[in-house]
Amino acid sequence: MATETTPEYTQGIREHLPQFSLHILLVFATGLTIGSERAVVPVLGRDVLGVKSLFVIGSFVVSFGIVKSLINLYAGKWGEEYGRKPVLILGWATALPLPVILIFAPNWWWITVGNILLGINQGLTWSMAVNAKIDLAGPEQRGLAVGIDEAFGYTGLAVGAWITGVIAAQTSLRPEPFYFLAGVVVLAFLISISLIKETVQYAHAEGDDDHHDANLPFNEVLKRATYGDQTLFAAAQAGHIENFVDTLFWIAVPLYLTSQGLGIAAVGVVVGVHSAMYFLQIGTGGLADRIGRRPPVIVGMFVAGVGVLGMTAVDGYLPWAVMAGVAGVGMALLYPNLMTVPGDAAHPTWRASGMGVYRMWRDSGYAVGAILIGLAMQFVNIEAAFYMTGLLMFVSGGLVYLWMEETHPDFGTHEPPAPATDAPDQLVSED
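Let us look at the structure shown here. (Residues numbered from 1 in each chain as written. Predicted model: local features only at pLDDT ≥ 70, side-chain atom pairs only at ≥ 80, totals over all residues. Heavy atoms only, no water.)

1. Some details on the overall build of the protein chain
Line of reasoning, step 1. Within the protein chain, the secondary structure is distributed over 19 helices and zero strands.
Line of reasoning, step 2. Computed over C-alpha atoms, the radius of gyration of the protein chain comes to 21 Å, within 12% of the 22 Å expected from 2.2 N^0.38 for 431 residues, which places it in the range of a compact globule.
Line of reasoning, step 3. A buried classification covers 61% of the 431 residues belonging to the protein chain.
Line of reasoning, step 4. For the protein chain, the proportion of contacts with a sequence separation of at least 24, taken over those separated by at least 6, is 86%.
Line of reasoning, step 5. Total accessible area computed for the protein chain in this model is approximately 15,200 Å², and 67% of it derives from carbon and sulfur atoms.
Line of reasoning, step 6. Charge centroids of the protein chain, computed over 20 positive and 35 negative side chains, lie 8 Å from each other. (Helix = DSSP H or I, 4+ residues; strand = E, 2+ residues; numbered from the N terminus. Rg over C-alpha atoms; globule rule 2.2 N^0.38 Å. Buried < 20%, exposed > 50% of the residue type's maximum accessible area, 1.4 Å probe, protein only. Contact = heavy atoms within 4.5 Å. Areas by Shrake-Rupley, 256 points an atom, 1.4 Å probe, with all protein chains shown as cover. Lys, Arg positive; Asp, Glu negative; His and termini not counted. Charge placed at Lys NZ, Arg CZ, Asp CG, Glu CD.)

2. What about helix 7 (residues 108–137)?
Line of reasoning, step 1. Taking 1.5 Å per residue as the helical rise, helix 7 with its 30 residues ought to reach 44 Å, and the 42 Å between its terminal C-alpha atoms agrees with that figure.
Line of reasoning, step 2. Buried residues dominate helix 7, accounting for 24 of its 30 residues.
Line of reasoning, step 3. Two or three places before Trp109, at the start of helix 7, stands the capping residue Asn107, its side-chain oxygen 3.1 Å from that residue's backbone nitrogen. (Expected span 1.5 Å × (residues − 1). Polar contact = N/O pair within 3.5 Å; in protein donor to acceptor, adjacent residues only side chain to side chain.)

3. Let's talk about the pattern of salt bridges
Between side chains of opposite charge, a pair can form as their charged atoms come close.
Line of reasoning, step 1. Scanning the model with the defined rule gives nine salt bridges in all.
Line of reasoning, step 2. The shortest N-O distance in the salt bridge between Glu81 and Lys77 comes to 2.9 Å. Taken together, the residues Glu81 and Lys77, both in helix 4 (residues 59–82) and four residues apart, mark about one turn of the helix.
Line of reasoning, step 3. Owing to a relative accessible area of 17%, Lys77 belongs among the buried residues under this scheme.
Line of reasoning, step 4. Where Asp149 meets Lys133, a salt bridge forms, and the shortest distance between an N and an O atom there is 2.9 Å. Of this pair, Asp149 sits in helix 8 (residues 142–170) while Lys133 sits in helix 7, and the two are 16 residues apart along the sequence.
Line of reasoning, step 5. In the salt-bridge network here, residues are joined through shared partners; they are Lys68, Arg362 and Asp363. (Salt bridge = Lys/Arg side-chain N within 4 Å of Asp/Glu carboxyl O.)

4. Overview of the nonpolar core
Line of reasoning, step 1. In this structure, Trp92, Ile111, Met311, Met377 and Phe386 are the most contacted members of the largest nonpolar core, which totals 117 residues.
Line of reasoning, step 2. Here the element with the most residues in this core is helix 17 (residues 317–345); it accounts for twelve residues.
Line of reasoning, step 3. If sequence neighbours within four positions are ignored, Met377 has contacts with Leu54, Ile251, Ala252, Leu255, Ile382 and Ala385.
Line of reasoning, step 4. Formed by eight residues, the second largest nonpolar core is a distinct cluster that contains Ile13, Phe20, Leu136 and Ala145. (Core = buried A, V, L, I, M, F, W, Y, C linked by side-chain atoms within 4.5 Å.)

5. Examining the packing of aromatic side chains
To describe a pair of aromatic rings, one takes the distance between the centres and the angle between the planes.
Line of reasoning, step 1. Within the structure shown, the criterion is met by 14 aromatic pairs.
Line of reasoning, step 2. Ring geometry for Trp126 versus Tyr154: centroids 5.1 Å apart, planes at 45°, classification tilted. Of the two residues, Trp126 is situated in helix 7 and Tyr154 in helix 8; the sequence distance between them amounts to 28 residues. You'll find Trp126 and Tyr154 in the same group, each marked buried.
Line of reasoning, step 3. Taking the centre distance of 6.0 Å and the plane angle of 85° together, the rings of Trp250 and Tyr366 count as edge-to-face. (Phe/Tyr/Trp six-rings, centres within 6.5 Å; stacked < 30°, edge-to-face > 60°.)

6. A closer look at the environment of Arg38
Line of reasoning, step 1. By the secondary structure assignment, Arg38 is in helix 1 (residues 17–38).
Line of reasoning, step 2. For Arg38, a relative accessible area of 0% puts it in the buried group.
Line of reasoning, step 3. When the C-alpha atoms of Arg38 and Trp162 are compared, they prove to be 9.0 Å apart, with 124 residues separating the residues in sequence.
Line of reasoning, step 4. When near neighbours in sequence (up to four residues on either side) are disregarded, Arg38 contacts Leu157, Ala161, Asp246, Trp250, Pro254, Val271 and Tyr366.

7. Let's talk about a nonpolar patch on the surface
Line of reasoning, step 1. The grouping of Phe55, Val368, Ile371, Leu372, Leu375, Phe379 and Val380 at the surface amounts to a nonpolar patch, some 590 Å² of accessible area in total.
Line of reasoning, step 2. Here Ile371 shows up in helix 18 (residues 351–379).
Line of reasoning, step 3. What makes Ile371 partly exposed here is its relative accessible area of 34%. (Patch = residues over 30% accessible without salt bridge, like charges linked within 9 Å, V, L, I, M, F, W, Y side chains within 5 Å.)

Have a look at this one:
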């Protein structure tokens, strides 16, 4: 269903299918890029680069999480000021040196530095991919657009983990898996330059600039999306904690499964099964357009927690894959719909910035999660990382149940906080 803004800026996925499809392809490439590290790099650190400390192995995710969270914060702001396309191109340009670093890194700290580039790439490219899809889809298909974005991004992650795991098993941990990564990055960079069109004008045409909530300055958006709105705070803390699950499958799961005797190719499959469940976000995002964002978020937090705890309660290739899949189903329920919450609650004039603030708090969960998971593995045991992550998912899900109101534009109960003042000069655009 198309959404009318102005005649020249009609929104709708079907109306913009060629460009929407290109952005699907690019977010799939973004997933392939990060997925290429998932099964291989932690084992590379332990078996090739000789890293003995499990906490040190987790350091490359810490650098990734810190950088990606900060880039997310500003990517939305830059996307509103300069347009989506220039920021997207910059994101892919940043990834070009990454395969070279992974191939030739003489020690683990080079990998950690390389992941800074990966964090910049993921923050810029994924932020612009989701905002461009929302620009084109319009408010009535916002949940579906985010669901499609996250589904294909995480399917790319699953495919990347599987392909590089197979390549590593048949050849070696490096350089061969990272030749595949190099091809993905170069192709995505060229598509961004030559085929992608700007979409920010659709967001500008969608909003009413005379509304009291329009054109909030960036610092006010930061406050609103962090602590000034209880619903947005509930979404931000849930996003922060649920990324512990993603971090667990990046760091602890490959190390845990290989320590239990599972081969690297099978590890790639188990990690890939978890991420492949994210493809269900196409359905869960569309479902939230019909029943609201809150129910799938709450259910997803608890289902993902059960799957994480189940990884340590079972033994064997197939049971591990099943539990990884259960955790993935939970993530598919909550992931796109948490991100849709700030998309619903924000005025179109600052929606990209508002989503950037949410994504900052969400992806800082990579850094905090990596530190806590690394400490648990180092000073207790690997299983303790699973117990901690599962328990935190239950606690965070409880906070969502208590504090997060429904934000669906048609039947939501959430109302934005009243403006601090009605004076027009207090609500001017940062531009």
